[in-house]
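Inside the fold
Given next are the chains, with one letter for each unit.
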Amino acid sequence: MKRFNLKKAVPYLFLSPYMVFFIVFGMVPLVLCIVISFTKWDYASPMEWYGLNNFKLLFGAIGSGKVSKDFWQAVLHTLLFVVVETPILIIIPLLLATLIARCKAVRSFSMGFFYFPTILSITTVCILWNFLLDTNSGIINHLLGDTVPWLTQMPYAWMSIFFMSTWWGVGGNMILYVAAIVNVPQELIEASKIDGAGAFKRFFIIILPSIKTTLIYTIITTTIGSFNMLGQAQVLTAGGPNNGTRTAMMIIYDTAFGGSNNFGRACAMALVFGAIMLAFTIASYRIQVRNAED
Amino acid sequence: MKKMNKILSVLLGFTTLLCVALVGCSGEEEPVGEKSSGNGFTVIRFWNGFTGKDGETMDRIVANFNEEMGEQYNMKVYVDKIPWDTLFTKITTTSSNLKAAPHIVAMSASRISNMQSRGILKELDGVEEYLGVSAQDYITAAWNGGVLSNGKRYGFPLDVHPTAMYYNKDLISEEEIPATWAQFTEICKAKTKDGVYGWAVPSMYSVTKDIFLNMLYTSGGRVFDSNDKAIFNSSVAVEKLTNIYDYIHGETPVSPKDVGAGGDFTLFTQGKSVFYFDGPWLINTFGLFDNPESNIGVAPCPDSIGDGQTNFAGSHQFTLMSNTVTNDNIKNLCYVFMKYVSEHSYDWALGGQVPALKSIHESENYKSLAALKPFTEMAYKATLGEIGYKYWYEGYLNVGVAVSNACSKISSPKDALDTGVRDFNDWLEDELL
C-alpha cells in the first residue's frame, strides 16, 4: 500500500479552502446553468426539456425574432460601454497616478479625493447623479444655463452613464497605479534624467514598462467589470430611453427575474454572453502579454 | 520543518472542513407553519413590500395582532419586508424551500393571475364563510381583484390605491380645481407662465402610464379585449395618448420637455408646477395628515368619479402560498390574521392607503383624514384593468414603454402604441413556444 505523502499533499491542502468555494459557488452554478439552458423552467413549475430552442430563439432561428433582436441589441450596448469606458478607466487613472505618485505633498489627499466615490454603492451614486442631471431642475443644467436632456434622450443618456461611471470608477485603478509607480526604482528615474530623458520619455520608457503587470491586471479586471455593467443603466436610466441603454446583464436579469421568470432562456443568454466575454478577455490578455514580453 | 508542515496541514484540513460545514449548514430558522416544541405556538411568516411609512404601519399592526390575538390562537406572525422588485423573485425562488418560504404574501392584484398559473398560490377556499364576510363589505374593485376568471378566489382585499391629483394651493385656488380633463387642459394652459408649468409630465417609466390608463378606461377603452387580445392601440387609446403628448409637445405646451424619473416631483415641490399625480402614500411624504393647513391639496383625478366614469387603480391583496399552507389549521390561522388586519385597517389608512373594508370609511376617525377623501371617492369607482389575464402585467409594461416613447417624442402616439402592441404580441408568441 502506498504511503500517504504529506509533503505532496500540502499544496493541495493550501488550495482546498479556495477550491471548496470555487466549486460550490463557481462550478456547480455553471453546470446548473448549462443544464437549465436546455429547459423551459420558471422555477415554480416542473422543468420541461426544451432542447436547443432557447439558443435558437437567441439566434432568431425560431419565434418572432424579438428575443434575438432585444438580446443582440443589449449585447451591442454592452460592447459599446466596454469599448468606450474601459480605455477611459485605464488612461485617466494612469495619468492621475503619474501626476501625484511622486508628489508626496498632494498624494494622500488626491488618493482619498479620487477614491472616495468608489466606496459608494452604485445605487447611491445613481440617485445622486439623477438629481444632478435632471433636465429641468438639475444643478448641471443650471450651471450650463441650458436644458440638456441628460437622462431622457440619446446620445445624452449614454454620455451621462459614461461620465458617471468614470467619476465612480476612476479611483480604484488609480490607487493601484500609484502603488505600482511608487515602487519603480528611483535610480532608474534618476539615471534617465541624467541621460536627458524628458517627462514624456520617462513615462513611456521607464514607468510604463515597469508597471506592465499592474496594467495587464487592471485592463482585464476593468474589461470584465465593464461587461458586467448593470447598476448604472438599471438605476440611472432604467435601460431607456426606448431600451437604448439596456445592457446584456439587464436583459439576462429581466428574463430570469422579470414577470415570467424564464430561467432557461436567461441561462442560454448568460452562456452566450459569457462566451463573448471570455473570448474578449482572452484576446485582450494575449495582446497584453505579448506586448509585455516584447 | 516536517513538524511545521504537519501543523499547517492540520490547520488547512480543519479550515477545509469548516468551509464545507459552513456551506452545508443553513442558519437557524424559526419553526415555520408548525408547532414549535420549544415555544408551543404556530409561526406564520408574512412577506410584503411595504418599505416606507406603510411598512412601519404594517409592522405595528402585526405587533398588535401578536399581542392581542397571539395567545388566543397560539400563533405568532413574523414579518419580512422585501422591496417589491425582489419580492416576486424571492417568492419564486423560495417556493421549494419550506424553511424559508412565507405563508402569507401581500401583493398587487395584478400579479395574482400569473402567480396562480404557476401553482405558487393557494386558493382561499371558504374564506368568506370562515370570516363571515361578503362582497358588500368591501370596495368592489378590491373584492373582485382577488377572484380569477375560473371563479376561484386567490386574493383577500387589503386596500385600493388610485392615482389622484395633488395641487399647489399657492398657485391655484380651490374653485379652479378641474373636474374634467378639458378643464384640466384649460387651467394648465392658463397657469403655464413665468417658469411655472401646469403639469410636469414625466416621460420615462412613470406615473404617466397610469394617467393614460385613467383616461383610457374612463373613455371606455381597454388594454385587452375579452379574448385577451392586446388592443391598447385602439383609436380611443391613440386619442388619449395624443392628449398627453400635446401637454408636452403641442402648440401650447403645459409641461417642460424631458422630465425624467422624479423630475415631476422635484418641480412640484419647488413650486414650479401646479399639479402632480401620485398615489395616497405621498400624503405622508407631504405631511398632509399632520398639517391640514399645508399649501398642498389633493383632489380626485379629472373624469374619475362622476356617473359612468372610472379610474385605473391598484390593489394590495393577501395571498397564501400553496407549498407552505398545507393544512386547514395553518390556513385558518392565516385567515384570522388577514381579517384582523382588514378590521384594523384604520391604522393602515394612516400609512397612506385606502382600506378595502367599507365600514372603516364610516368611522369618524377615518372621515377626519381629509387628504384620503379624494382617494376614497376614486376607490369606489376604480377598475384594476384586465388583471385576470395571465400576461396582464407584461401588457402593462408595454403600455408604459409606449407612453414613454410618445412623451419623449421618439415616436408619434399612434406609432408608439402600435409598436407596443406588436412588441407584446411578439413577446407572447415567443413565450408560448
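Conventions and cut-offs
Throughout, residues of each chain are indexed from 1 in the direction in which the sequence is written. Labels follow written order: the first chain is A, the first ligand is 1, and so on. Totals for whole chains, interfaces and linings use every residue, but because this is a predicted model, local features are given only for residues with pLDDT of at least 70 and side-chain atom pairs only at 80 or more, for both listing and counting. Runs of H or I in DSSP of at least four residues are treated as helices and runs of E of at least two as strands, each being numbered from the N terminus. Exposure classification rests on a simple neighbour count of other C-beta atoms within 10 Å of a residue's own: a residue reaching 20 or more is buried, one at 12 or fewer is exposed, and one in between is partly exposed. C-beta atoms are placed from the backbone. We call two residues in contact whenever the C-beta atoms placed from their backbones are within 7 Å. Between the N-to-C directions of two axes lies an angle of 0 to 180 degrees, each axis being a line fitted to C-alpha atoms and, for a helix, fitted only over the stretch in contact. Any angle that is under 35 degrees is reported as roughly parallel, and any over 145 degrees as roughly antiparallel; angles of 65 to 115 degrees are reported as roughly perpendicular and all others as oblique. All amino acids are sorted into three groups, where Ala, Val, Leu, Ile, Met, Phe, Trp, Tyr, Cys and Pro are nonpolar, Asp, Glu, Lys and Arg are charged, and the leftover types, Gly among them, are polar. What makes two strands pair is DSSP finding at least two bridges between them. Throughout, the edges of the domains are those of an automatic or database domain assignment.

Considerations on the overall build of chain A
A count of helical and extended segments in chain A gives 13 helices and 2 strands. Judged by the C-alpha coordinates and their principal axes, chain A covers about 85 × 75 × 30 Å. Relative to its 294 residues, chain A shows a buried fraction of 34%. If you take every contact in chain A between residues at least 6 apart in sequence, the share linking residues at least 24 apart comes to 66%.

Some details on the packing of helix 3 (residues 66-101) of chain A against helix 4 (residues 104-115) of chain A
Residue and element names in this part refer to chain A. Contact pair helix 3 / helix 4: the axes reach a minimum separation of 9 Å and the direction vectors enclose 155°. As judged from the angle between their axes, helix 3 and helix 4 are roughly antiparallel. In contact with Leu96, Ile100 and Ala101 of helix 3, helix 4 contributes Val106, Arg107, Ser110 and Phe114. Looking at the contact of helix 3 with helix 4, its residues break down into 5 nonpolar, 1 polar and 1 charged.

Thoughts on the sheet that holds strand 7 (residues 164-168) of chain B
Residues and elements named next belong to chain B. Strands sit in the order 8-9-7-10 across an open sheet of 4 strands; the sheet is mixed. Bordering the open sheet on either side are strand 8 (197-199) and strand 10 (296-299), each of which pairs with just one other strand. Neighbouring strand axes in the sheet, compared pairwise and without regard to direction, differ in orientation by 25° on average. Where strand 7 meets strand 9 (residues 273-278), 4 bridges bridge the pair, whose relative direction is antiparallel. Across the sheet, residue methionine 165 finds its bridge partner in strand 9, namely phenylalanine 277. Sitting on the sheet, helix 8 (residues 181-191) touches strand 8 and strand 9, and the angle it makes with strand 8 is about 155°.

Notes on the domain arrangement of chain B
Residues and elements named next belong to chain B. Structurally, chain B comprises domain 1 (42-160 + 314-383) and domain 2 (164-278 + 391-431). Its C-alpha centre places domain 1 at a distance of 30 Å from the equivalent point of domain 2. Each side of the interface is counted separately: domain 1 has 8 residues, and domain 2 has 5 residues. Taken together, the elements giving at least two residues each to the side of domain 1 that touches domain 2 come down to helix 5 (112-117) and helix 17 (373-380). Considering every element that reaches the side of domain 1 that touches domain 2, the biggest residue donor is helix 17, with 3 residues.

With respect to unusual backbone geometry
Residue and element names in this part refer to chain A. Cis peptide bonds are those with omega within 30 degrees of zero, and the linkage from methionine 154 to proline 155 qualifies with 0°. Relative to the helices and strands, proline 155 is located in the loop between helix 6 (139-144) and helix 7 (156-182). Omega for the peptide link from glycine 240 to proline 241 comes to 0°, which places this bond in the cis form. Examined against the element boundaries, proline 241 turns out to sit in the loop between helix 11 (231-237) and helix 12 (248-257).

Overview of the interface of chain B and chain A
With 45 residues of chain B at the interface, the matching set in chain A holds 39 residues. For the side of chain B that touches chain A, the leading source of residues is helix 1 (residues 2-24) of chain B, giving 11 residues. When its residues are assigned to classes, the side of chain B that touches chain A shows 16 nonpolar, 20 polar and 9 charged.

Some words on the packing of helix 4 of chain A against helix 7 of chain A
All names here are of chain A. Here helix 4 crosses helix 7 at 150°, and the two axes come no closer than 8 Å. Between helix 4 and helix 7, the angle is such that the two are roughly antiparallel. Counting all contacts with helix 4, which are made through Arg107, Met111, Phe114 and Tyr115, the residues of helix 7 involved are Val170, Gly171, Met174, Ile175 and Val178.

Brief notes about the sheet that holds strand 6 (residues 159-162) of chain B
Residues and elements named next belong to chain B. Across the sheet, 4 strands lie side by side as 13-6-11-14; this open sheet has mixed pairing. Strand pairing shows two members of the sheet lacking a second neighbour, strand 13 (354-355) and strand 14 (382-383), which therefore form its edges. Judged from the 2 bridges that link them, strand 11 (residues 311-314) and strand 14 form a sheet pairing that is parallel. Paired with asparagine 311 across the two strands is alanine 382, which belongs to strand 14. In this fold helix 17 packs onto strand 6, strand 11, strand 13 and strand 14, with an angle of close to 105° to the strand it touches most, strand 6.

Focus: the pairing of strand 12 (residues 316-321) of chain B
Residue and element names in this part refer to chain B. Within strand 12, 6 of the 6 residues are buried, leaving the element largely enclosed by the surrounding structure. Both faces of strand 12 are covered, namely the face carrying His316, Phe318 and Leu320 and the face carrying Gln317, Thr319 and Met321. Pairing geometry for strand 3 (residues 104-108) and strand 12, over 5 bridges, is antiparallel. When the sheet's bridge partners are listed, serine 108 is paired in strand 12 with histidine 316. Sheet analysis places strand 4 (residues 121-122) next to strand 12, joined by 2 bridges and oriented antiparallel. Across the sheet, the residue bridging to leucine 121 is methionine 321, located in strand 12. Of the pairings in the sheet, the one linking strand 5 (residues 156-157) to strand 12 comprises 2 bridges and is antiparallel in character.

Focus: the pairing of strand 6 of chain B
Residues and elements named next belong to chain B. By the alternation rule, side chains of strand 6 split into Asp159 and His161 and Val160 and Pro162, which are all buried. Pairing of strand 6 with strand 13 involves 2 bridges; the strand directions are antiparallel. Residue pairing across strands places aspartate 159 opposite proline 355, the latter belonging to strand 13. One ladder, built from 2 bridges, connects strand 6 with strand 11; its direction is antiparallel. Within strand 11, the residue paired with proline 162 across the bridge is alanine 313.

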